[in-house]
Amino acid sequence: MPLPMEPAPIHTPKPKLTGKGMKLGKKGADIDTFVDSVRKDGGLVKDTNGIATTEPVRPNAVAVSTSPLHLRQEEKILTSVHREGDVDQFEVRGLLCLHIMSE
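Residues numbered from 1 in each chain as written. Predicted model: local features only at pLDDT ≥ 70, side-chain atom pairs only at ≥ 80, totals over all residues. Heavy atoms only, no water.

**Student:** Is there a simple way to think about the overall build of the protein chain in this case?
**Tutor:** If you tally the helices and strands in the protein chain, you get one helix and two strands. Listing every helix and strand of the protein chain by position from the N terminus yields α-β-β. For the protein chain, buried positions account for 1% of its 103 residues. Residue pairs in contact within the protein chain that sit at least 24 positions apart in sequence constitute 33% of those at least 6 positions apart. Roughly 11300 Å² of accessible area belongs to the protein chain as shown, and the carbon and sulfur atoms make up 58% of that amount. (Helix = DSSP H or I, 4+ residues; strand = E, 2+ residues; numbered from the N terminus. Buried < 20%, exposed > 50% of the residue type's maximum accessible area, 1.4 Å probe, protein only. Contact = heavy atoms within 4.5 Å. Areas by Shrake-Rupley, 256 points an atom, 1.4 Å probe, with all protein chains shown as cover.)

**Student:** So what exactly am I meant to see when it comes to the pairing of strand S2 (residues 87–100) here?
**Tutor:** The two faces of a sheet get side chains in turn, since along a regular strand they alternate between them. Of all 14 residues making up S2, only zero are buried, and the element is barely covered by its neighbours. As paired elements, strand S1 (residues 69–81) and S2 share 13 bridges and run antiparallel to each other. Looking across to S2, one finds that Leu78 is bridged to Glu91. Taking the residues that link successive antiparallel strands as the turn, the S1-S2 hairpin has five residues, and the phi of Gly85 there is positive, at about 105 degrees. (Pairing = 2+ DSSP bridges.)

**Student:** Help me understand the confidence of the model for the protein chain, please; the structure alone is not making it clear to me.
**Tutor:** The predicted coordinates should not be examined in detail at positions where pLDDT is low. Predicted confidence across the protein chain gives a mean pLDDT of 75, with 64% of residues reaching 70 or more. Here helix H1 (residues 28–40) stands out as the element of the protein chain with the lowest mean pLDDT, 74, in contrast to S2, whose mean of 91 is the highest. (pLDDT = per-residue confidence, 0-100.)

**Student:** Looking at this structure, I do not really get a nonpolar patch on the surface. What am I missing?
**Tutor:** A cluster of nonpolar side chains, contributed by Leu69, Leu71, Leu96, Leu98 and Ile100, occupies part of the molecular surface with about 570 Å² of accessible area. Among the secondary structure elements, those contributing two or more residues to the nonpolar patch are S1 and S2. By secondary structure assignment, the location of Leu69 is in strand S1. (Patch = residues over 30% accessible without salt bridge, like charges linked within 9 Å, V, L, I, M, F, W, Y side chains within 5 Å. Salt bridge = Lys/Arg side-chain N within 4 Å of Asp/Glu carboxyl O.)

**Student:** For this particular structure, what's the right way to read the pattern of salt bridges?
**Tutor:** Pairing between side chains of opposite charge can happen when the charged atoms of each approach one another. Following the criterion strictly, the structure yields three salt bridges and no others. Ionic pairing is found between Arg72 and Glu74, a salt bridge with its closest N-O pair at 3.2 Å. You can call Glu74 partly exposed: its relative accessible area is 31%. Here Lys76 makes a salt bridge to Glu74, at a shortest N to O gap of 4.0 Å. In the salt-bridge network here, residues are joined through shared partners; they are Arg72, Glu74 and Lys76.

In structure tokens form, the structure reads like this:
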């Protein structure tokens, strides 16, 4: 009695990588196309060069007061905004400190 033949293993060739994956740094053309289409529709688009910063704005140095009352005010604004103008989060935090020096 002859032995049953086993099926030959199927070998699929691996796809060759062509290096055409996601390219980083080419978003400028897409953004320009989007801005141009918004302008064609009559929308106003402001130039945002220099507006978006990651460093907090520091107040200028203030002259030292000799008064017995010292008042310090601090405000922080935290916001998350989409390119389309939708606001996800907007938060204002404030701190007011009063220091009274008595003799």
